[in-house]
Amino acid sequence: MPRGDMRTFWNFASADNLAFGSDSTLQLGRWIASRGWQRVLVITDRNLVAAGISSRIEGILRESGLNVSVFDGGRHEPDIRTANLAFASAQAFLPDVLVGLGGGSNLDLAKMSGILMAHGGKPEDYFGHERVPGPVAPVICIPTTAGTGSEVSHSSVLTDEINGVKVSTLSQFLRPTLAVVDPKLTLTCPPKATADSGIDALTHAIEAFTAIDHRQLDAAPGEPFPYSGKMPLGDLLAEEAIALVGKHLEHCVHQPESLPDREGMALAATLAGMAFSNCAVAVVHALEYPIGAAVHVSHGAGNGLLLPYVMEYNLASRAPQFAKIAARLGVDTGSMSEMDAAMAAVNVVRRLRSRIGIPDRLRDIGVSADQLPVFAKKSFEIKRLMRLNPRLPTESELLGILKAAF
Ligand SMILES: NC(=O)c1ccc[n+]([C@@H]2O[C@H](COP(=O)([O-])OP(=O)(O)OC[C@H]3O[C@@H](n4cnc5c(N)ncnc54)[C@H](O)[C@@H]3O)[C@@H](O)[C@H]2O)c1
Ligand SMILES: [Zn+2]
């Protein structure tokens, strides 16, 4: 494609409003009431009910005189059926605003309900990008994991059981009206969910920071494309997120009650969400989508397992960025060559992965060797994400990465 047809610009968007910090949820009732909204549907799951988090949020809402209903049928890595159940409860209650409360799974259910309330139809009608025809019902996202960044992102991810792949619905209309990030809500997050979602945040930041540059992105200026590629504002956010993960993730897993570490990871996840949802996620995510759907590994654990292998694949095309990542993750790179520093980034991510208990082999999460070609094919078909990788992979190169990770 001639250079003139490519993009010379980038875009940036986030949640319309962001409240961050311990006890930021205390403002929630007033914020909603001040908009004239009365009926609030909280979309959550039974673990959040058992942890007392759902009742805490309900209490804050009721104190402001709001009429609250709770759907607690969310589940991790939700499928289309679960999305339909959440929507059915919205149809029955007819809320003015939807509140997604939980990890990325519940936030994404709230977003999908927001689409269906505004535009009807079924979830599958909106899979892919730019298929949501206009603004959705108001959605507020309150994360209880520090990971996905869905509270600021433009996507909702569901598991498509029939086609055996996870699918994103991408639209700028999916940026929440309000994100309330209260790190205290992550204190009860179990170590495994803490580790998995935390390394997902690191993956978001690394994929954004090492993506194809926005000036090289193979997308014509007028083409609706959900990501801009690597760009300066994304770099700032991603670099800070990487440093925060380096400082806090391991502590969150091993000392779950440490609020300063929970605050650090909550900020990391939100910054990484802002970075990836404007710049890119790429080959790590593309490989995880079919694997996660087939063997039911969590999104974060699948990404964390694959991350160092994909970093190795991208290393030569992004050595300066990987060298910076190593430094941000605490490696003293001063006396190293650029290539050695870049390699150190792969090693430090590998070490972090093992310290937080994420498996390092696909065979250990239930993948069999004969599945690898299918995964490579399905990932290769996610062209949107392939285009964002610094190297454009062939299907056989994807298979090579999977074999290395097997
Ligand atoms: N929309 C996006 O931008 C985006 C980005 C990345 C990932 N995702 C999606 O998000 C999902 C993963 O989300 P996740 O990693 O946050 O995990 P999750 O939402 O699946 O939660 C994992 C488990 O932890 C429990 N849990 C969460 N917070 C808790 C808390 N504070 N106390 C007690 N239990 C708690 C949940 O009940 C659940 O059983 C996947 O479906 C993934 O594809 C979406
Ligand atoms: Zn992710």
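Predicted model only: the values in this text are computed from it and were never measured.

Points about helix α11 (residues 319–328)
Counting buried positions over the 10 residues of α11 gives 8, a clear majority of the element. Turning to α11, its buried residues are Q321, F322, A323, K324, I325, A326, A327 and R328. G330, located one to two residues past α11, shows a positive phi value of around 95°.

Notes on the site of ligand 1
Neighbouring ligand 1 are 34 residues; N47, H76, G103, G104 and S105 lie closest to it. Secondary structure elements with two or more residues in the shell around ligand 1: α2 (46–50), α5 (104–119), β7 (155–160), α6 (191–209) and α10 (299–314). The residue makeup of the shell around ligand 1, split by class, is 7 nonpolar, 21 polar and 6 charged. Residue-level mapping places the shell around ligand 1 at the junction of two domains, with at least three residues from each of domain 1 (17–186) and domain 2 (191–405).

Topic: the pairing of strand β2 (residues 39–43)
Remark: a regular strand shows side chains that alternate across the two faces of the sheet. The element β2 is largely enclosed, with a buried count of 4 among its 5 residues. Two elements, β2 and strand β3 (residues 67–71), share 5 bridges in a ladder whose sense is parallel. The residue bridging V42 from the neighbouring strand is V70, located in β3. Relative to strand β4 (residues 97–102), β2 runs parallel, the two being bridged by 4 bridges. Along β4, the bridge assignment pairs I43 with G100.

Re α10
In a regular helix each residue adds 1.5 Å, so 16 residues correspond to 22 Å; α10 covers 21 Å between its end C-alpha atoms and thus fits that length. Of all the bends found along α10, the most pronounced is centred on L307 and spans about 40°, while P308, a proline, follows it within four residues. Among the 16 residues of α10, 15 are classified as buried, and the element is accordingly described as predominantly covered.

Focus: the sheet that holds β3
If you trace the 6 strands from one edge of the open sheet to the other, you get β1-β9-β6-β4-β2-β3, paired in parallel fashion. Of all the strands in the sheet, the pair left with one neighbour each is β1 (17–20) and β3. Within this sheet the neighbouring strands show an average axis-to-axis angle of 15°, counted without direction. With respect to the sheet, helix α3 (residues 53–63) is in contact with β2, β3, β4 and β6 (139–143), its orientation differing from that of β3 by roughly 160°.

Describing the packing of α11 against helix α12 (residues 338–355)
Packing of α11 against α12 brings their axes to within 7 Å, and their N-to-C directions diverge by 55°. One way to sum up the angle between α11 and α12 is to call them oblique. Both α11 and α12 take part in a crossing whose hand is left-handed. Residue-level contacts link A319, P320, F322, A323, I325 and A326 of α11 to E338, M339, A341, A342, A344, A345 and V348 of α12. Here the residues of the contact of α11 with α12 sort into 12 nonpolar, no polar and 1 charged.

With respect to the domain arrangement of the protein chain
When cut into domains, the protein chain gives domain 1 (17–186) and domain 2 (191–405). Using only C-alpha atoms to locate each centre, domain 1 and domain 2 end up separated by 25 Å. With 27 residues of domain 1 at the contact, the number on the domain 2 side is 32 residues. Only β7 and β8 (165–170) provide two or more residues apiece to the side of domain 1 that touches domain 2. Broken down by element, the side of domain 1 that touches domain 2 gets its largest block of residues, 3 residues, from β8. In the side of domain 1 that touches domain 2, the residues fall into 7 nonpolar, 15 polar and 5 charged.

Structural notes on the nonpolar core
Counting 130 residues, the largest nonpolar core has V99, A205, A241, A268 and A275 as its most contacted members. With 10 residues, helix α8 (residues 259–276) is the single largest residue contributor to this core. Mapped onto the domain boundaries, this core takes at least three residues apiece from domain 1 (17–186) and domain 2 (191–405). Apart from the residues lying within four places of it in its own chain, the contact partners of A268 are A146, A201, A241, L244, V245 and H248.

Rules and cut-offs
- Residues numbered from 1 in each chain as written.
- Chains lettered and ligands numbered in written order.
- Predicted model: local features only at pLDDT ≥ 70, side-chain atom pairs only at ≥ 80, totals over all residues.
- Buried ≥ 20, exposed ≤ 12 C-beta atoms within 10 Å, placed from the backbone.
- Helix = DSSP H or I, 4+ residues; strand = E, 2+ residues; numbered from the N terminus.
- Near = placed C-beta within 6 Å.
- Nonpolar A, V, L, I, M, F, W, Y, C, P; charged D, E, K, R; others polar.
- Domains from an automatic or database assignment.
- Pairing = 2+ DSSP bridges.
- Expected span 1.5 Å × (residues − 1).
- Bend = angle between axes of the 7 residues up to and from the residue.
- Axes fitted to C-alpha atoms, helices over the stretch in contact; angles between N-to-C directions.
- Contact = placed C-beta atoms within 7 Å.
- Parallel < 35°, antiparallel > 145°, perpendicular 65-115°, else oblique.
- Left-handed = near helix turned anticlockwise from the far one by under 90°.
- Core = buried A, V, L, I, M, F, W, Y, C linked by C-beta atoms within 7 Å.

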